[in-house]
Amino acid sequence: MGQGTTHTLRQDHDRLRKKLAFLESALQVAPEAKFVLREMCFTLQRLLHDHRAREGPALQTYAERAPAGEAPSRVTDHADVHSLLRTVNELLLTGMRASMPTTILWLSKVIQLLREQMEEQQRTAFAFLDAAEGVPAGEVSATISSVMSVNEILQRYPQTERVFSRLHVNRLQE
């Protein structure tokens, strides 16, 4: 496991969360747009596949080194979400034979489950792996990247509101 592994996995999680938020918006605005949903689901599936390949060795390290009191079995590698997403993609590919309410139900389950799993990983495995890499606990949570929106920064770090107010940043347009 190399230095910065969990940093890379956190970046993956950020990308996945953004894709999930975008997909959720599409479900609210145009749930009947199968072509759009299909393309978004395929992109999410590729992102998740690549993420799983990167996180596999880290989760293996966690399972091997976690203290006896911790339950590494609770931390999943998203295989079940990947399988559900494949099912959604198959439903979207079947055209008119697939019921959109059923497809939307499955897709909503994918979104919810993936979010829950990422949160659990960050609380348990990532914190442990950061400590194993020698990353100070406070250092990880203070990361703001250039790809984050103003609203995303404010949501994660409410204490930044003073800075944006002082700079007269229009949060609705940023």
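Note that residues are indexed from 1 along each chain, following the sequence as it is written. Local features in a predicted model are, by the rule used here, given only for residues with pLDDT of at least 70; side-chain atom pairs are given and counted only at 80 or more, and totals for whole chains, interfaces and linings are based on all residues. Side-chain numbers here rest on the full set of heavy atoms in the structure, without hydrogens or water.

### Description of the nonpolar core
Reasoning step 1: We call a set of buried residues a nonpolar core when its members are Ala, Val, Leu, Ile, Met, Phe, Trp, Tyr or Cys and they connect through side-chain atoms within 4.5 Å of each other. To sort residues, take the accessible area from a 1.4 Å probe on protein chains only and compare it with the maximum for the residue type: under 20% means buried, over 50% means exposed, and anything in between is partly exposed. Counting residues in hydrophobic clusters, the biggest one holds 22 residues, and the most contacted among them are Leu23, Leu37, Cys41, Leu44, Leu107, Val110 and Leu114.
Reasoning step 2: Helix and strand definitions here come from DSSP, where helices need a minimum of 4 consecutive H or I residues and strands a minimum of 2 consecutive E residues; each element is numbered from the N-terminal end. Within the residue set of this core, elements represented by two or more residues are helix H1 (5-29), helix H2 (34-65), helix H3 (79-93) and helix H4 (100-133).
Reasoning step 3: Per-element tally for this core: the top contributor is H4, with 7 residues.
Reasoning step 4: Contact definition: two residues touch when any of their heavy atoms are within 4.5 Å. With sequence-adjacent residues up to four places away left out, leucine 44 is seen in contact with Leu16, Lys19, Leu20, Leu23, Leu85, Val110 and Leu114.
Reasoning step 5: Of all hydrophobic cores here, the second largest spans 9 residues; its members include Leu9, Ala58, Ala125 and Phe128.

### Some thoughts on the environment of threonine 102
Reasoning step 1: Looking at where threonine 102 falls in the secondary structure, it is placed in helix H4.
Reasoning step 2: Residues threonine 102 and leucine 91, spaced 11 residues apart in sequence, show a C-alpha to C-alpha distance of 8.7 Å.

### Some remarks on the packing of H1 against H2
Reasoning step 1: Note on geometry: axes are lines fitted to C-alpha atoms, helical ones only across the stretch in contact, with angles between N-to-C directions running from 0 to 180 degrees. In contact at an axis separation of 10 Å, H1 and H2 are set at 160° when each is read in the N-to-C sense. Relative to H2, H1 is oriented roughly antiparallel. In the packing of H1 onto H2, the handedness of the crossing is left-handed. Here H1 contributes Thr5, Thr8, Leu9, Asp12, His13, Leu16, Lys19, Leu20, Phe22, Leu23, Ala26 and Leu27 to the contact with H2, which in turn contributes Leu37, Met40, Cys41, Thr43, Leu44, Leu47, Leu48, His51, Arg54, Glu55 and Ala58.
Reasoning step 2: Residues belonging to the contact of H1 with H2 are distributed by class as follows: 14 nonpolar, 5 polar and 4 charged. Note on angle classes: values under 35 degrees are labelled roughly parallel, values over 145 roughly antiparallel, values of 65 to 115 roughly perpendicular, and the remainder oblique. For a crossing to be left-handed, the near helix must be turned anticlockwise from the far one by less than a right angle; the clockwise case is right-handed. Following the grouping adopted for this structure description, the nonpolar residues are Ala, Val, Leu, Ile, Met, Phe, Trp, Tyr, Cys and Pro, the charged ones are Asp, Glu, Lys and Arg, and the polar ones are all others, Gly among them.

### Looking at unusual backbone geometry
Reasoning step 1: Of note, histidine 78 is a non-glycine position whose phi angle comes to about 70°, a positive value.
Reasoning step 2: With respect to the helices and strands, histidine 78 occurs in the loop between H2 and H3.

### Some thoughts on the pattern of salt bridges
Reasoning step 1: By definition, a salt bridge exists where a carboxyl oxygen of Asp or Glu is found within 4 Å of a side-chain nitrogen of Lys or Arg. Here the structure, examined in full by the defined rule, presents 7 salt bridges.
Reasoning step 2: The salt bridge involving arginine 54 is made with aspartate 12; its shortest N-O contact spans 2.9 Å. Separated by 42 residues along the polypeptide, arginine 54 in helix H2 and aspartate 12 in helix H1 bring together distant segments of the chain.
Reasoning step 3: Here arginine 54 falls in the partly exposed class, since its relative accessible area comes to 37%.
Reasoning step 4: With a closest N to O distance of 3.0 Å, arginine 115 and glutamate 24 form a salt bridge. Linking arginine 115 in helix H4 with glutamate 24 in helix H1, this pair joins segments that are 91 residues apart in sequence.
Reasoning step 5: Its relative accessible area of 28% is what places arginine 115 among the partly exposed residues.
Reasoning step 6: One continuous salt-bridge network, built from bridges that share partners, spans Asp12, Arg15 and Arg54.

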